[in-house]
Amino acid sequence: MDDGEWGKSIMTFYEFEAAKALREILKNFNQGIFVVHISEMPIKCPVAPLEFSFLADDYFKKRGVREQITIKYVTPLDGAFTKPKASKSLGHLLTEKNIEIIPDFNVERIDSKAKKLISYDGKEVGYDLLITVPVTKGDDVIGRSNLGDELNFVPTDHHTLQSKAHKNIFVMGDATDVPASKAGSVAHFQADTLVDNIIRYLQGQELVANFDGHANCFIETGGQKGLVIDFNYEIEPLEGNFPFPVIGPLRLLREGRLNHVGKLIFRWMYWHIILRGWPIPGISNKMSMLGKKK
Amino acid sequence: MANLGGKEVEVNEGGYVMHPEDWDKAVAGDLAKELGINLTDAHWKVVDYLREQHGQGIEMSIRKLGKSGIVDIKTLYELFPGGPLKYAAKIAGLHRPTSCV
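Note that the structure is a prediction, hence the values are computed from the model and not measured.

*Asks:* Would you mind showing me how to read the overall build of chain B here?
*Replies:* When helices and strands are tallied, chain B shows five helices and two strands. In terms of its C-alpha atoms, chain B occupies a principal-axis envelope of roughly 35 × 30 × 20 Å. Within chain B, the fraction of its 101 residues that count as buried is 45%. By sequence separation, contacts in chain B at least 24 residues apart represent 49% of the contacts at least 6 residues apart. As displayed, chain B offers around 5100 Å² of accessible surface, 50% of which is attributable to carbon and sulfur atoms. Positive and negative side-chain charges in chain B, numbering 12 and 14 respectively, have mean positions lying 9 Å apart.

Take a look at the structure:
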């Protein structure tokens, strides 16, 4: 890749400065092929590029230029998301918003002069503006310490969060290789198990294997709507009500205005409730099946 | 259920073998045929490596395979066109790779 195009026709939203620069570029993007691209899994949060695509669609509509712009979503996964049911729902939303999904695309290189992505098996996707999610790695300090795998993630027991190689190390969040998202909600739920197990380890007690991969997140879909998903290692995102059965008030895996309001309320809850360590009613670190339709 | 390697084998909706003990080389051969792949020594090197790594509890990714010295990524795509890791894992009688969330 020719780095000269980085920050011009090739952008990312994963760093603060890059995101600010992208905002300026988007203001002047009026026509052409707009590609949102994931290089390689895992990424910090598999929802983020989807949400970005939905919001870009909304933004271009508001600016009255959407009809002159083709949006493509290029992913190494075989669908919009990592779990089949959510992949179907989210894929449907992409189609509804006229966003073309190009699955099973493993990028080998970017020809930045010809402005195209080229996959290992010779497929090509042209772009005018490329928003890419670069390869996501753990911190260099983990690489230097030889604690990590080839992507600097520490091999970790999925349920106790203890390092597989070193019994006196416990791992969560961006540092671990457990097959869960590296999003805030996951780290939040992991913290309960992690703290519990560090105390148990120090006291010579048996560890608890109770982290179940629980993740939940709001996905803004544009037009002041959103959807909510709640899932873990075993159980993929399902439809239903959240966090309470029947009354919800949020609806899982369905686009709606209330879910968007939920996200706005959550922003307040994050700073005023979660950061203080207070529990949120109806949401625990282990996923609940209450209110979910199998 | 699917008829693979001359016997009835339970598979999931994606066609992946449900019970590891059902897998043998004949089953692998039929799974490969379904994907339009004729297994050669080069394919078997990848399949055997995946099974060996799985036995050690290691989750495989395309990147890991590319760095394994067994096969480079370009060749991997030539051997298992379209979805190298998921097809190779399927033929190896393993679950769909979860190198994702």
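*Asks:* Explain the interface of chain A and chain B here, please?
*Replies:* One widely used convention gives an interface's size as the accessible area the parts lose upon coming together. Contacts between chain A and chain B engage 21 residues on the former and 16 residues on the latter. Across the chain A/chain B interface, buried area totals approximately 1700 Å², and carbon plus sulfur atoms make up 52% of it. Three residues, D78(A), Y120(A) and E150(A), lead the burial of chain A against chain B; their summed loss comes to 33% of the area buried on that side. The interface formed by chain A and chain B holds five salt bridges in total. Across the pair K86(B) and D78(A) runs a salt bridge whose closest N-O atoms are separated by 3.4 Å. For the pair chain A and chain B, the number of links is seven residue pairs in polar contact (both at pLDDT 80 or more). Along the lines of polarity and charge, the residues of the side of chain A that touches chain B split into 10 nonpolar, three polar and eight charged.

*Asks:* I'm lost on the sheet that holds strand 7 (residues 124-126) of chain A in this one. Help?
*Replies:* Each strand in a sheet pairs with another by means of backbone hydrogen bonds, the pair being arranged parallel or else antiparallel. All names here are of chain A. Reading across the sheet, the three strands line up as 5-6-7 and stay open at both edges, with antiparallel pairing between neighbours. Each end of this open sheet is capped by a strand with a single partner; those strands are strand 5 (107-111) and strand 7. The average angle at which neighbouring strand axes cross in this sheet is 20°, direction not considered. As judged from the three bridges shared by strand 6 (residues 116-119) and strand 7, these two strands associate in the antiparallel manner.

*Asks:* Please clarify how the environment of F242(A) should be interpreted in this entry.
*Replies:* All names here are of chain A. By secondary structure assignment, the location of F242 is in strand 11 (residues 240-244). Between the C-alpha atom of F242 and that of I283, which follows or precedes it by 41 residues, the distance is 9.0 Å. Setting aside anything within four residues of it in sequence, one finds F242 in contact with N216, V228, D230, G248, P249, L250, L252 and I283.

*Asks:* Is there a simple way to think about helix 6 (residues 257-274) of chain A in this case?
*Replies:* The α-helix winds at 3.6 residues per turn, so residues separated by three or four positions along the chain end up facing the same way. Residue and element names in this part refer to chain A. Look at helix 6: 24 Å from first C-alpha to last across 18 residues, which is about the 26 Å you get at 1.5 Å a residue. At W268, helix 6 is bent by approximately 30°, the largest bend along its length. Buried within helix 6 are the following residues: N259, H260, G262, M269, I273 and I274. On its buried face, helix 6 is in contact with helix 5 (184-202), strand 9 (215-222), strand 10 (225-231) and strand 12 (248-252).

*Asks:* Hey, could you run me through a nonpolar patch on the surface in this one?
*Replies:* Residues and elements named next belong to chain A. A grouping of F266, Y270, W271 and L275 is seen on the molecular surface, where their side chains present a nonpolar patch of about 420 Å² in accessible area. Secondary-structure assignment places Y270 in helix 6. On the basis of relative accessibility, which here comes to 34%, the residue Y270 falls in the partly exposed class.

*Asks:* Sorry if this is basic, but what is going on with the pattern of salt bridges here?
*Replies:* Close approach of charged atoms allows side chains of opposite charge to pair. Taken as a whole and assessed by the stated rule, the structure comprises 21 salt bridges over all chains. Notably, a salt bridge pairs K116(A) with E124(A), separated by 3.0 Å at the nearest N-O pair. By relative accessible area, K116(A) is classed as partly exposed at 23%. A salt bridge links K33(B) to D30(B); its shortest N-O distance comes to 3.8 Å. Placement of both K33(B) and D30(B) in helix 1 (residues 25-34) is noted, with a separation of three residues, approximately one turn of the helix. In this structure K33(B) comes out as exposed when scored by relative accessible area, which is 60%. Take D30(B): its relative accessible area is 22%, and that puts it in the partly exposed class. When salt bridges with common partners are traced through the structure, they connect D78(A), D104(A), K86(B) and R96(B) into a single cluster.

*Asks:* How should I be thinking about the nonpolar core in this particular structure?
*Replies:* General note: in soluble globular proteins, nonpolar side chains tend to be found buried as a group. Judged by nonpolar contacts, the single largest core of 50 residues is most densely connected at F34(A), L50(A), F54(A), F60(A), F81(A), L90(A) and I229(A). Counting residues per element, this core draws most heavily on helix 2 (residues 48-62) of chain A, which supplies six residues. Setting aside its immediate chain neighbours within four residues, F34(A) contacts L26(A), F29(A), F52(A), A56(A), F60(A), I69(A), T70(A), I71(A), K72(A), L129(A) and I131(A). Within the second largest apolar cluster, 31 residues are counted, among which are A28(B), L65(B), I73(B) and L79(B).

*Asks:* How do you make sense of the pairing of strand 10 of chain A when you look at a structure like this?
*Replies:* The side chains of a regular strand alternate between the sheet's two faces. Residue and element names in this part refer to chain A. In terms of burial, strand 10 is a largely internal element, six of the seven residues being buried. Here seven bridges tie strand 9 to strand 10, and the two strands are oriented antiparallel to one another. By the bridge assignment, N216 is partnered in strand 10 with D230. In textbook terms, the turn of a hairpin is the stretch between consecutive antiparallel strands, and for strand 9 and strand 10 this stretch comprises two residues, one of which, G223, has a positive phi near 60°.

Cut-offs used in this document
Residues numbered from 1 in each chain as written. Chains lettered and ligands numbered in written order. Predicted model: local features only at pLDDT ≥ 70, side-chain atom pairs only at ≥ 80, totals over all residues. Heavy atoms only, no water. Helix = DSSP H or I, 4+ residues; strand = E, 2+ residues; numbered from the N terminus. Buried < 20%, exposed > 50% of the residue type's maximum accessible area, 1.4 Å probe, protein only. Contact = heavy atoms within 4.5 Å. Areas by Shrake-Rupley, 256 points an atom, 1.4 Å probe, with all protein chains shown as cover. Lys, Arg positive; Asp, Glu negative; His and termini not counted. Charge placed at Lys NZ, Arg CZ, Asp CG, Glu CD. Buried area = accessible area lost by both parts, 1.4 Å probe. Salt bridge = Lys/Arg side-chain N within 4 Å of Asp/Glu carboxyl O. Polar contact = N/O pair within 3.5 Å; in protein donor to acceptor, adjacent residues only side chain to side chain. Nonpolar A, V, L, I, M, F, W, Y, C, P; charged D, E, K, R; others polar. Pairing = 2+ DSSP bridges. Axes fitted to C-alpha atoms, helices over the stretch in contact; angles between N-to-C directions. Expected span 1.5 Å × (residues − 1). Bend = angle between axes of the 7 residues up to and from the residue. Patch = residues over 30% accessible without salt bridge, like charges linked within 9 Å, V, L, I, M, F, W, Y side chains within 5 Å. Core = buried A, V, L, I, M, F, W, Y, C linked by side-chain atoms within 4.5 Å.

Worth remembering: the numbers are spatial, not functional.
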